Amino acid sequence: MFEDILAYLSSKQVQLIAVSKTHPDTAIMKLYQKNQRAFGENKVQELVGKYERLPKNINWHFIGHLQRNKVKYIAPFIDTIHSIDSLKILKEISKEALKNQRVIKCLIQVKIAKEDEKFGIAPLELTDFFQVVQNDKLEGIKIIGLMGMATFTDDLDQIQYEFNWLQKLFAEVKNSFFKKDEDFKEISMGMSGDYKMAVECGSTMVRIGSLLFGERNYQ
Ligand SMILES: *Cc1c(COP(=O)(O)O)cnc(C)c1O
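In what follows, the accompanying structure is described. (Residues numbered from 1 in each chain as written. Predicted model: local features only at pLDDT ≥ 70, side-chain atom pairs only at ≥ 80, totals over all residues. Heavy atoms only, no water.)

We now examine the overall build of the protein chain. For the protein chain, the count of helices and strands is nine helices and eight strands. Against the 2.2 N^0.38 benchmark of 17 Å for 219 residues, the protein chain shows a C-alpha radius of gyration of 17 Å, consistent with a compact globule. Along the longest, intermediate and shortest principal axes, the C-alpha atoms of the protein chain span 45 × 45 × 30 Å. Expressed as a percentage of the 219 residues in the protein chain, the buried residues total 53%. In the protein chain, of all internal contacts separated by at least 6 residues, the share reaching a separation of at least 24 is 59%. Summed over its atoms, the accessible surface of the protein chain is roughly 11,300 Å², and 49% of this surface lies on carbon and sulfur atoms. When the 31 basic and 29 acidic side-chain charges of the protein chain are each reduced to a single mean position, those positions are 5 Å apart. (Helix = DSSP H or I, 4+ residues; strand = E, 2+ residues; numbered from the N terminus. Rg over C-alpha atoms; globule rule 2.2 N^0.38 Å. Buried < 20%, exposed > 50% of the residue type's maximum accessible area, 1.4 Å probe, protein only. Contact = heavy atoms within 4.5 Å. Areas by Shrake-Rupley, 256 points an atom, 1.4 Å probe, with all protein chains shown as cover. Lys, Arg positive; Asp, Glu negative; His and termini not counted. Charge placed at Lys NZ, Arg CZ, Asp CG, Glu CD.)

Put into C-alpha cells, the structure is as follows:
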C-alpha cells in the first residue's frame, strides 16, 4: 500500500506526510525503514514523546489545533506546522522559534469545510490576515503555503469544490502577498479518502493516516 501511494504521489511530485497519530513507534519505524521521513501528529504530548524516542532525522509535521501555551514544547524540533489559525498562534511560534534560533515552516489553515467545528481562517478574512502578517515581519517563521480540510461527506462534488476553492485562494494570496517568494508554494490538502482528488486539484502535500497505518482506535 505504502509503495503504491508513494509511486502515485512521486509521479505527481506531491509530498507524503504520513499521519502517525495514535499509532505506536514500531509503526513509524516500519515506514522510516522504507525511507519515509515526514510524519504528522496532532497532539503535543504524543508528538514530544515520539520525538524523544525516535530517530532525530525525522521531519515532524504538526497538523492539529495548537494551543499557545504548548508551542514551547515543540518549537525546539518541529519542522512544519500546518494548522496556523490565528495571528496569536503565529506570533507565539515566531517568539519560540527565535528563542531556539530556528526557522519553523508554517502553513495557514483555511476553513473551506461546511462544518462548524473545523478550525481555520475564514476565506473572507484571508486578505486582512496576510496584510497584518506582511506588516508585522515576524522572524523565526517561514510561511510556505495554505492548508485545508474538506467537509466530511460522501459528496465528491462538494469535496472537489472545496479543494478547487483552496487552490484558487492560494493563487490569490500568492499573487497579492508572495509574488516573489519562492518558498510560498505549498497546498496541504488531501487525506486517506480524498487524496487523489486533492492531487488533481493542485495539492502539493497530502496528509495520509489510516490508509498507511490502519484504522485508529481514537482521534
Ligand atoms: C488525522 C488527520 C489526517 C489523516 O486522516 P486519515 O483519514 O487517517 O488519512 C489528515 N489531516 C489532519 C489534519 C488530521 O487530523
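A separate point is the environment of W165. Looking at the secondary structure, you find W165 in helix α7 (residues 156-177). Residues W165 and G148, spaced 17 residues apart in sequence, show a C-alpha to C-alpha distance of 9.9 Å. Contact partners of W165, with chain neighbours within four places excluded, come to I112 and P123.

What follows is about the nonpolar core. Counting 64 residues, the largest nonpolar core has I74, I93 and F130 as its most contacted members. Discounting residues that sit within four places of it in the chain, I74 has contacts with V44, L47, V48, F62, L66 and I81. (Core = buried A, V, L, I, M, F, W, Y, C linked by side-chain atoms within 4.5 Å.)

Inspection of every chain in the model, using the stated rule, returns 10 aromatic pairs. Taken together, a centroid distance of 6.0 Å and an interplanar angle of 75 degrees make the contact between Y8 and Y195 edge-to-face. Taken together, the residues span a long stretch of sequence, with Y8 in helix α1 (residues 2-11) and Y195 in helix α8 (residues 195-200) at a distance of 187 residues. For the pair Y8 and Y195, a shared accessibility class is recorded, and that class is buried. Aromatic ring contacts, followed pair by pair, group F129, F130, F170, F177, F178 and F184 into a single cluster. Looking at R37, its charged tip hangs above the ring of Y32, at a distance of 3.7 Å from the centre. The ring of Y51 has K56 sitting right over it, with the charged end atom 4.8 Å from the ring centre. (Phe/Tyr/Trp six-rings, centres within 6.5 Å; stacked < 30°, edge-to-face > 60°. Lys NZ or Arg CZ within 6 Å of the ring centre and 35° of its normal.)

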